[in-house]
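# Coordinate inspection notes
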Amino acid sequence: MSDGARERILAKVRAALADVPRGEEPEDVVVTRGYVRAHTGGELIGLLVDRLTDYRAVVHRVPAAEVAEAVAQALKRRGVRRIVVPPDLPTRWTAASSVVAVADEALAVAELDGVDGVVTGCALAVAETGTIVLDAGVAQGRRAISLVPDYHLCVVRADQVVGDVPDAVALLDPGRPLTWISGPSATSDIELDRVEGVHGPRTLEVVIAE
Amino acid sequence: MSGTFVGMPAFPEAASAATQNAQLRHNLRKATHTIRGKRAAVVSELDDWAELRAAGKAIKDRTLRHLDVYLEQLEEAVTAAGGHVHWAADAAEANAIVTRLVRATGETEVVKVKSMATQEIELNEALAEAGITAYETDLAELIVQLGEDRPSHILVPAIHRNRAEIREIFNRTMAEWGVPAPANLSDEPRALAEAARVHLRDKFLNAKVAVSGANFAVAETGTLVVLESEGNGRMCLTLPETLISVVGIEKLVPTWQDLEVFMQLLPRSSTGERMNPYTSTWTGSTPGDGPGDFHLVLLDNGRTDVLADEVGRQSLRCIRCSACLNICPVYERAGGHAYGSVYPGPIGAILTPQLRGTSSELDASLPYASSLCGACYEVCPVAIDIPEVLVHLRGKVVEGKGTTVERVAMGAAGWVLGDEKRLGLAQRAAGKARGLVPKRHLPGPGAAWTDTRDIPDIPEESFRDWWAGRGRGQQR
């Protein structure tokens, strides 16, 4: 056991910083935030679609009233029979589909592994980087349900799209477990050549509701 | 079990062997040039890259200059969020803490997220001695582990392997570790990734304990951050009941807002993507979502020694993106193994001798593993002046050392160069004796110097004599 390790390390840190003037506060070290809050002033949804597509996500842009139809068609194309959904997923999103939607009530991992896909909403999406963030909030469920199934269909409302990373960080609550998703799982570990599809969902489909 | 770096020869020797390996040279060249191009493209998309870089540097400097304050703040925040914080002064302490925590769960297997800190302390080897098997789950780490190999790159530890070699390793070894490679496995990256998925799937779904590192730890909120691509990180951070994260004390950032800088700098510098596929953040534990038991092990292991060096301190700003490796002409040719450390390339050449000291021949040779071209500094997202630290460390290596011949030669040179008349006499003497100087190799103690250089021609007349002669109308 490392009794006293804490005190030893902190003492070594303080000794190492003997050159830092006494009385200097952390805020006295100037951090100039000269970078921009967003790199685009243009149309965010178009940019988000472009970025998501670049990462090989399948993207649909539909009027809000047609979300159910878009979800139903996507699930049909995919050949999905059973999906898992967060308990508070809006029922209207899956109303037009005939798939069996299993609400996640602390399902075992093996059960999650047995469904064909998952449908969730999101906390927000970042246009500049093509990133969708889940925060385990409304219509998202716990982290495991968007991880174990091989197919993830995510509904993004147009009003959830922010321009760039700084706006996203400002809106997100660090107290919640967050998952930032930019396309399907991928690897560059073989000759630094990017291929999609490893351990996370190998297909990411996004329905953007305007 | 992966190989060890212990007992490696000095960099020039190891690099000399590596540069003779045509396959290795080909693999490295292809990979580093691919990633260089991708990085350059996504960095050029942001016209405020210089401002982001300056902010990243300043945030890390603020953290390091007040590290004690932030460490205590982080500990308090993690504890308040239901996590447990442990402190480890060195590798042995960290390994003992992790071993004890795993034993307390009664498990004999852990799944691991790629982590430089746990490689540095050789955690897998320590766990194996305690009868605990650690399964690496990152694809490149898996390749290294199955191949009983050593990592050669920070981001892609198996960068020295090409697809054909990886297929061979999978075919030969996967069965020993669990689910075998599929029959007729091709060497297509997609097929190899699929084989890794199948091989590790059951491990993920049944794992009870995971070990990770972290890219960032936010002092203000107690939040840990892991960036990854494959989803192996999410699996390890989400499904097990117990999560143990070993994190170097330099990984802190002060505030949640600071991530707005690093979440732009790191993915673009590292994999050359606008954003990596997955980033997980968690604060302590969340009931009903993810591991209920979270342990943070804060690791020193030489970092406070680096902190104490006012020039070398900037090395601790490193966010392990590996852009400096990918751009480095020396790394591209010598490969990562020659650096004899889990931290290869330019950043390794300054970090390793500071973390481990320069008592071994290998570690003392690392500050010289550079042509000082400065490309590493140019691409560094937190503006670590690697050439400055290299030169500083060379000075430290040489201090109190040097051969007698060297000292005599330098003393004589000082005497000659210190006086105009003496210099003039020496130059004229050299001009007269030029026929006696060998053309290619110096004899005696000068031989080593001329092994890699030609002796410069000595002119008949020195510049100073020629210049003085101009005034007397002898213009040429």
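Refer to the preceding data block for the structure.
Residues numbered from 1 in each chain as written. Chains lettered and ligands numbered in written order. Predicted model: local features only at pLDDT ≥ 70, side-chain atom pairs only at ≥ 80, totals over all residues. Heavy atoms only, no water.

What follows concerns the side chain of threonine 120 of chain A. All names here are of chain A. Residue position: threonine 120 is located in strand β4 (residues 117-120). By relative accessible area, which is 0% here, threonine 120 ends up buried. If near-sequence neighbours (up to four positions away) are discounted, threonine 120 is found in contact with Pro86, Leu89, Trp93, Leu134, Ala139, Gln140, Ser146, His152, Leu153, Cys154 and Val155. (Helix = DSSP H or I, 4+ residues; strand = E, 2+ residues; numbered from the N terminus. Buried < 20%, exposed > 50% of the residue type's maximum accessible area, 1.4 Å probe, protein only. Contact = heavy atoms within 4.5 Å.)

Contacts between the two partners involve 99 residues from chain B and, on the opposite side, 79 residues from chain A. Area buried by chain B at its contact with chain A is led by Arg197, Arg234 and Arg274 of chain B, which between them contribute 9% of it. Between chain B and chain A we count 20 salt bridges in total. Where glutamate 75 of chain B meets arginine 6 of chain A, a salt bridge forms, and the shortest distance between an N and an O atom there is 2.8 Å. Counting across the interface, chain B meets chain A through 47 residue pairs in polar contact (both at pLDDT 80 or more). By residue number, the principal contributor to the side of chain B that touches chain A is helix α10 (residues 189-206) of chain B, which donates 11 residues. Here the residues of the side of chain B that touches chain A sort into 44 nonpolar, 23 polar and 32 charged. Strand direction decides the pairing type here: strand β9 (residues 178-181) of chain A and strand β9 (residues 278-283) of chain B, joined by four bridges, are antiparallel. (Buried area = accessible area lost by both parts, 1.4 Å probe. Salt bridge = Lys/Arg side-chain N within 4 Å of Asp/Glu carboxyl O. Polar contact = N/O pair within 3.5 Å; in protein donor to acceptor, adjacent residues only side chain to side chain. Nonpolar A, V, L, I, M, F, W, Y, C, P; charged D, E, K, R; others polar. Pairing = 2+ DSSP bridges.)

Bringing the sheet that holds strand β1 (residues 58-62) of chain A into the picture now. Residue and element names in this part refer to chain A. Ordered by their spatial adjacency, six strands build an open sheet running β1-β12-β7-β4-β2-β3, and the pairing between neighbours is parallel. In this open sheet, the two edge strands, each paired with only one partner strand, are β1 and β3 (100-103). Each adjacent strand pair in this sheet contributes to an overall mean axis angle of 25 degrees, direction not counted. Sheet topology places strand β2 (residues 82-85) next to β3; four bridges connect them, and they run parallel. What sits directly across from isoleucine 83, in β3, is alanine 101. Across the sheet, helix α2 (residues 44-54) touches β1 and β12 (203-209), and the angle it forms with β1 is around 160 degrees. (Axes fitted to C-alpha atoms, helices over the stretch in contact; angles between N-to-C directions.)

Between two packed helices, the angle of one axis relative to the other and the distance separating the axes together describe the packing. All names here are of chain B. Where helix α9 (residues 163-177) contacts α10, the axes come no closer than 11 Å and their chain directions differ by 20 degrees. With respect to α10, the axis of α9 lies roughly parallel. Where α9 crosses over α10, the two elements pack in a sense that is left-handed. In contact with Arg163, Ile166, Arg167, Phe170, Met174 and Trp177 of α9, α10 contributes Pro189, Leu192, Ala195, Ala196, His199 and Lys203. A per-class count over the contact of α9 with α10 returns eight nonpolar, one polar and three charged. (Parallel < 35°, antiparallel > 145°, perpendicular 65-115°, else oblique. Left-handed = near helix turned anticlockwise from the far one by under 90°.)

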